[in-house]
Structures are given as C-alpha cells and as structure tokens.
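# Geometric and topological summary
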Amino acid sequence: NFTGGEPTFFPDFEPLVQEVKNLDYKISVSSCGGRFVDRKFCKKITPFIDQVCMSIHGHTQRLHNYHTGNPDSFKNLSIVMDNLSLFPIIFFANILLTRINLPHLKGIISLLNRKGVKKALFCNLCPEGTGLKNYPLLTPRLREIKKRLPDLIKFAEPKIFAFKMCDVPHCIFGDHIEYFIDCHPERRINVKHRRKRKLIYFHVEKPLVPPPDKIKTEKCQSCVYFDKCEGIFKEYYHFFGDEEIEAVKKVKVCEAY
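To keep things clear, this report deals only with the structure shown in the data block. (Residues numbered from 1 in each chain as written. Predicted model: local features only at pLDDT ≥ 70, side-chain atom pairs only at ≥ 80, totals over all residues. Heavy atoms only, no water.)

Soluble, globular proteins show a tendency: their nonpolar side chains are buried together. The biggest cluster of nonpolar side chains holds 64 residues, and the ones touching the most others in it are Phe36, Leu112, Phe122, Phe163 and Met165. It is helix 8 (residues 142-156) that provides the largest number of residues to this core, a total of 6 residues. Beyond its immediate stretch of four places on either side in the chain, Phe163 contacts Ala120, Phe122, Leu149, Leu152, Ile153, Ala156 and Tyr179. (Core = buried A, V, L, I, M, F, W, Y, C linked by side-chain atoms within 4.5 Å. Buried < 20%, exposed > 50% of the residue type's maximum accessible area, 1.4 Å probe, protein only. Helix = DSSP H or I, 4+ residues; strand = E, 2+ residues; numbered from the N terminus. Contact = heavy atoms within 4.5 Å.)

Structural data, given as structure tokens:
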C-alpha cells in the first residue's frame with residue numbers, strides 16, 4: 001500500500017510502482033487525488049495498480065473541503081472519480097468519521113453510488129496531527145456511531161454498497177460485528193521514507209499490537225472480544241471516559257469474523 005502524504009507526487013512513484021509490480025505484489029494506492037486528475041497519468045499508471053483508495057469526507061463541496069482545507073479538493077475529487085472509472089481497477093473510498101460529517105453518511109454513500117464506487121471504509125478519527133489539535137471538537141461520540149449504524153446498513157444494502165468500519169471498538173457494533181475490519185494486522189511491515197539534509201533513509205518497523213495510542217479499560221476485561229479488539233483511543237478516554245463501552249458477553253452465532 002502506497003500512502004503518504006500524497007504518494008503520486010513522490011518523484012520516483014512511477015518506476016517504484018513498476019518495480020514493485022515486477023516483484024509480483026498487489027498494489028494499492030491511498031490518495032487524496034494527486035496526479036490522478038490527469039487522465040494521461042491514469043492511463044500510464046493504472047496497468048500497474050490493483051486498487052486506488054480515495055479519501056472522501058463529504059458529499060458536497062462545502063462539507064468535503066471543510067475537512068481537507070483545500071478549496072479545490074472536491075472539484076478535483078470529482079475529476080479523479082470520473083477518470084478512474086475508465087480503467088479496470090478496484091476503486092473504493094476512505095471516509096474519515098467526524099462529528100461534522102456523521103449526519104451526512106447517507107449523502108456520501110449516494111454520491112459514491114452515482115459515481116460507480118461500491119466499497120468504502122469508514123475510519124474513526126485518529127488523534128494525530130490536526131485531528132489531535134481539534135480532537136474534542138471533531139471526534140464523533142461512540143454512542144452516535146452505534147445509533148446510526150443499523151440505519152446506515154439498511155440504506156446501503158439495496159444499493160449493493162459494501163462498507164466496513166475501523167478504529168471503533170467491537171462493542172459498538174452490537175449484532176453487526178461483520179462490519180468491523182482490523183486496520184492494524186500483525187503481519188504488516190511499515191516502511192517509512194524520511195529525508196534529512198541530503199540523506200534519504202528507510203525505517204522499517206512492525207506495528208505494536210495493541211497500538212500504543214489505544215487502551216482497554218476495566219470494562220473490557222470480561223468482553224468476549226478482549227483478545228481481538230484494540231480498545232479505544234487514549235485521547236477519547238481522556239475527554240469522554242468509557243461510559244459508552246460495554247463488555248460483550250456472547251459472540252453472534254452466525255458472524256463471519
């Protein structure tokens with residue numbers, strides 16, 4: 001998975017992707033649009049790419065641009081979705097859940113459906129960068145996510161729209177645990193590119209499980225998902241406590257997990 005920043009702006013992106021493809025890897029690119037606004041670039045690079053994950057945080061210009069801080073991002077996003085629809089790659093959306101866009105998830109699904117995008121990942125807000133600075137203002141309450149999930153499922157299913165959620169504790173899903181996805185699998189190596197003066201070096205690390213930015217509270221100890229669930233963000237616990245956390249006592253019999 002090539003991520004960033006915006007990976008398509010990396011100077012050696014094209015030869016790097018081709019070389020990785022020659023090693024027989026499947027390639028995913030996480031992008032905010034980048035050079036995919038150029039249809040010639042799409043035609044050149046898509047034969048080497050298996051899927052593109054686009055960051056989409058609103059169904060209107062005002063809502064999406066509020067999250068990106070870029071007045072041109074929604075316009076560019078529309079161009080990218082039209083461009084990528086012309087090529088045989090998997091195209092899905094990554095939606096950051098915030099208090100601002102949570103009431104508009106149906107609108108976002110409707111937009112994606114019109115553009116032919118059939119898969120999405122809803123990611124809970126992580127306390128890092130600007131998300132950390134404005135965390136109490138932006139992060140959605142877990143009880144609100146839980147409240148809206150059943151209705152969102154009913155809305156998406158007739159459209160043959162598939163979605164998953166991550167960075168949300170298992171107990172919030174109730175009978176809909178199949179909509180959870182683990183975004184931090186153990187079998188993953190992070191390769192970070194850093195630049196210092198004129199030197200470039202790569203730092204390889206295996207992620208910690210559970211990740212260091214999350215905790216499990218006393219309530220979690222008796223939950224049947226204790227060994228699978230990552231818990232809640234430390235920052236969330238700091239501001240809101242664990243009153244919304246509830247230990248699950250019984251695993252759903254028919255769950256596909």
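Two elements in contact, helix 5 (residues 105-114) and helix 8, have axes whose closest approach is 10 Å; the angle formed by their N-to-C orientations is 20°. Regarding the angle of helix 5 to helix 8, the classification is roughly parallel. Where helix 5 crosses over helix 8, the handedness of that crossing is right-handed. In contact with Leu105, Lys106, Ile109 and Ser110 of helix 5, helix 8 contributes Asp151, Leu152, Phe155 and Ala156. Looking at the contact of helix 5 with helix 8 residue by residue, the class counts come to 5 nonpolar, 1 polar and 2 charged. (Axes fitted to C-alpha atoms, helices over the stretch in contact; angles between N-to-C directions. Parallel < 35°, antiparallel > 145°, perpendicular 65-115°, else oblique. Left-handed = near helix turned anticlockwise from the far one by under 90°. Nonpolar A, V, L, I, M, F, W, Y, C, P; charged D, E, K, R; others polar.)

Moving on to the packing of aromatic side chains. Summed over all chains, the structure comprises 9 aromatic pairs. Site record: aromatic cluster; members linked through ring pairs are Phe2, Phe13, Phe36 and Phe41. One Lys or Arg, Lys159, reaches over the ring of Phe155 and ends 3.9 Å from the middle of that ring. (Phe/Tyr/Trp six-rings, centres within 6.5 Å; stacked < 30°, edge-to-face > 60°. Lys NZ or Arg CZ within 6 Å of the ring centre and 35° of its normal.)

A word on the state of the cysteines. As enumerated under the stated definition, the model contains 0 disulfides in all. For Cys123, which is in no disulfide, the shortest distance to another cysteine sulfur is to Cys166 and amounts to 3.3 Å. For Cys123, a relative accessible area of 13% translates into the label buried. (Disulfide = S-S within 2.5 Å.)

This part is about helix 4 (residues 73-84). If you check helix 4, its first and last C-alpha atoms are 16 Å apart, about what 12 residues at 1.5 Å a residue would give, namely 16 Å. For helix 4, every residue scored as buried is listed here: Ser73, Phe74, Leu77, Ser78, Val80, Met81, Asn83 and Leu84. For helix 4, the elements touching its buried residues are helix 2 (39-45), strand 2 (51-55), helix 3 (61-68), strand 3 (90-97) and helix 5. (Expected span 1.5 Å × (residues − 1).)

Turning next to the pattern of salt bridges. In this structure the tally under the stated criterion is 13 salt bridges. Put simply, Lys115 and Asp82 hold a salt bridge, and the shortest N to O gap is 3.1 Å. In this pair, Lys115 sits in the loop between helix 5 and strand 4 (119-124) while Asp82 sits in helix 4, placing the two residues 33 residues apart along the sequence. You can call Lys115 partly exposed: its relative accessible area is 25%. For Asp82, a relative accessible area of 35% translates into the label partly exposed. Of the charged contacts in the structure, one is a salt bridge between Arg143 and Glu243, with a shortest N-O distance of 3.2 Å. Taken together, the residues span a long stretch of sequence, with Arg143 in helix 8 and Glu243 in the segment after helix 9 (234-240) at a distance of 100 residues. (Salt bridge = Lys/Arg side-chain N within 4 Å of Asp/Glu carboxyl O.)

Remark: helix 3 packs on helix 4, axes separated minimally by 8 Å, with the N-to-C direction vectors making an angle of 110°. What the angle tells us is that helix 3 and helix 4 run roughly perpendicular. On helix 4, the residues touching Gln61, His64, Asn65 and Thr68 of helix 3 are Ser73, Phe74 and Leu77. In terms of residue class, the contact of helix 3 with helix 4 is made up of 2 nonpolar, 5 polar and no charged.

Attention now goes to the side chain of Glu244. Within the secondary structure, Glu244 sits in the segment after helix 9. Here Leu142 takes part through its backbone nitrogen, which lies 3.4 Å from a polar atom of the side chain of Glu244. In this structure the side chain of Glu244 is engaged in a polar contact, spanning 3.0 Å, whose partner is the backbone nitrogen of Arg143. In contact with Glu244, other than residues within four places in its own chain, are Arg141, Leu142, Arg143, Ile172 and Tyr236. (Polar contact = N/O pair within 3.5 Å; in protein donor to acceptor, adjacent residues only side chain to side chain.)

Turning our attention to the environment of Ile181. Inspection of the secondary structure puts Ile181 in the loop between strand 5 (162-166) and strand 6 (190-196). When its relative accessible area of 34% is taken as the criterion, Ile181 is described as partly exposed. For the pair Ile181 and Val168, spaced 13 residues apart in the sequence, the C-alpha separation amounts to 9.3 Å. Among all residues touching Ile181, those that are not within four sequence positions of it are Leu121, Lys164, Met165 and Cys166.

Right, let's get into empty space enclosed by the protein. One pass over the full model with this rule turns up 3 cavities of 30 Å³ or more. The computed volume of the largest cavity comes to approximately 100 Å³. The wall of the largest cavity is formed by 14 residues, among which Cys171, Cys220, Cys223, Cys229 and Ile245 lie closest to the centre. Split by residue class, the lining of the largest cavity holds 10 nonpolar, 2 polar and 2 charged. (1 Å grid on protein atoms, 1.4 Å probe; cavity = no way out; pocket = protein on both sides within 12 Å on 5 of 7 lines; lining within 4 Å. Points joined across faces, edges and corners; volume = space filled by probe spheres on them.)

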